[in-house]
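Single-letter residue listing:
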Amino acid sequence: MSFPLTASCRLFVRSVLRMTSPEVVQRLEQRARQADEAINILKTQIQMLKQHAVTAEEQRLKKENDQLRLQVDDLKAKLTLAEIQNGVQQVYLPVRTAATEAPAAQTADPAPKPAEAKPGQKQAQKGGKGDKAAGKSEKKGEKKGGEKKKGGPPQEEKPVDVSRLDMRIGRILSVKKHPDADTLYVEEIDVGEAAPRTVVSGLVKHVSMEEMQDRIVIAMCNLKPAKMRGITSQAMVMCASSPEKVELLDPPAGSQPGDRITFEGYPGEPDPVLQPKKKVWESVQPDLQVTSDKVATYKGVPFTVAGKGVCTSKTMTNVGIK
């Protein structure tokens, strides 16, 4: 049974037949390939963007870590300097290596076994112990009898005052930045000896390198030498100091390297080296002050260079000295 096709049906059939022609199918396949290529390109770009974001974050974190490491190093240097100024002895531990970490049992030789004593030797040993005991009892009896201990009369302890500090005039011959600490200078200072002393100072943030070069300063020369970030410091440059500001003390005109700083009423001789355990520096330092007249003093007595005058601060008043 057949039905006659209307005009609209015939048009629809013709359009379907045209759409299913080879050219249409080829165009559709081409567009599908282009769509797949576009999708692959987008995937690649997304992956690249992810990698770039991860790399940028890694670089940012690395930069932050480097900055934090520098800050920690600077704080360590400041702490070491403060401890040295306050007489705290620095102890530097050796670097551990694989060789030093090896168990001692592997390298240590076994302890030799004691030789067995013969019967005659045992009796002699017993007799020896008895002689020793008798000797001890005799010594105890001598002590009880009133025999005095050997040794001379006890030495008198020197008074703890500014006379025990070896402060001298020095000239800074050279100055440079510490290779391992941004806040430290390394100076070579002539203090009137055969060779200049190496001094490490935490003054980078307070005094310019140009101001340090060839400067006449006051150096304390009998602090115990100490390593600061790998360089041994053999003295300390004396400064007027407050939490906000630090400036070098000025010796009187005409001062020469090696001139001694003296204090009227304190005639004692300085210690060769201040021993940290005796805490002489810690006891004296709080009384080192700059007066309202900008004069450096100890308990009100001026820092004096004989025949030349007193030491002063350029601008600071009523602050400590260290």
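Please read all numbers here as calculations on a predicted model, not as lab measurements.

### Here we look at the overall build of the protein
In terms of regular secondary structure, the protein is built from seven helices and 17 strands. The proportion of buried residues among the 322 residues of the protein is 29%. Here the analysis covers contacts within the protein between residues at least 6 apart in sequence; of these, 68% occur between residues at least 24 apart. In the form shown here, the protein has an accessible surface area of approximately 22600 Å², with 56% of it arising from carbon and sulfur atoms.

### So, the nonpolar core
It is characteristic of soluble globular proteins that their nonpolar side chains tend to be buried jointly. Grouped together as the largest cluster of nonpolar side chains are 28 residues, with contacts concentrated most on Met-167, Met-238 and Phe-303. Sorting the residues of this core by element identifies strand 1 (167-177), strand 4 (216-220), helix 7 (280-284), strand 11 (288-290), strand 12 (296-298) and strand 17 (319-321) as the ones contributing at least two each. For this core, the element with the most residues is helix 7, which contributes three residues. Listed in part, the 18 residues of the second largest apolar core include Val-175, Ile-189, Met-212 and Val-217.

### What about the pairing of strand 3 (residues 197-201)?
The buried count for strand 3 comes to five of five residues, which makes it a mostly enclosed element. Where burial is concerned, the two faces of strand 3 agree: the one with Arg-197, Val-199 and Ser-201 and the one with Thr-198 and Val-200 are both buried. One ladder, built from five bridges, connects strand 2 (residues 185-190) with strand 3; its direction is antiparallel. From the neighbouring strand, Ile-189 faces strand 3, where its bridge partner is Arg-197. Counting the residues that bridge the hairpin from strand 2 to strand 3 gives six residues, and of these Gly-192 lies at a positive phi of roughly 85°.

### Let's talk about the sheet that holds strand 12
The antiparallel open sheet is built from seven strands, whose spatial order is 13-12-11-17-8-9-16. What marks the edges here is a single partner per strand, and that holds for strand 13 (301-302) and strand 16 (312-313). Two strands pair when backbone bridges link them, and strand 9 (residues 246-250) and strand 16 are joined in this way by two bridges, in the antiparallel orientation. Residue pairing in the sheet places Leu-249 in a bridge with Ser-313 of strand 16.

Scoring rules and cut-offs
- Residues numbered from 1 in each chain as written.
- Predicted model: local features only at pLDDT ≥ 70, side-chain atom pairs only at ≥ 80, totals over all residues.
- Heavy atoms only, no water.
- Helix = DSSP H or I, 4+ residues; strand = E, 2+ residues; numbered from the N terminus.
- Buried < 20%, exposed > 50% of the residue type's maximum accessible area, 1.4 Å probe, protein only.
- Contact = heavy atoms within 4.5 Å.
- Areas by Shrake-Rupley, 256 points an atom, 1.4 Å probe, with all protein chains shown as cover.
- Core = buried A, V, L, I, M, F, W, Y, C linked by side-chain atoms within 4.5 Å.
- Pairing = 2+ DSSP bridges.

Geometric descriptors of this kind do not, in isolation, establish any biological role.
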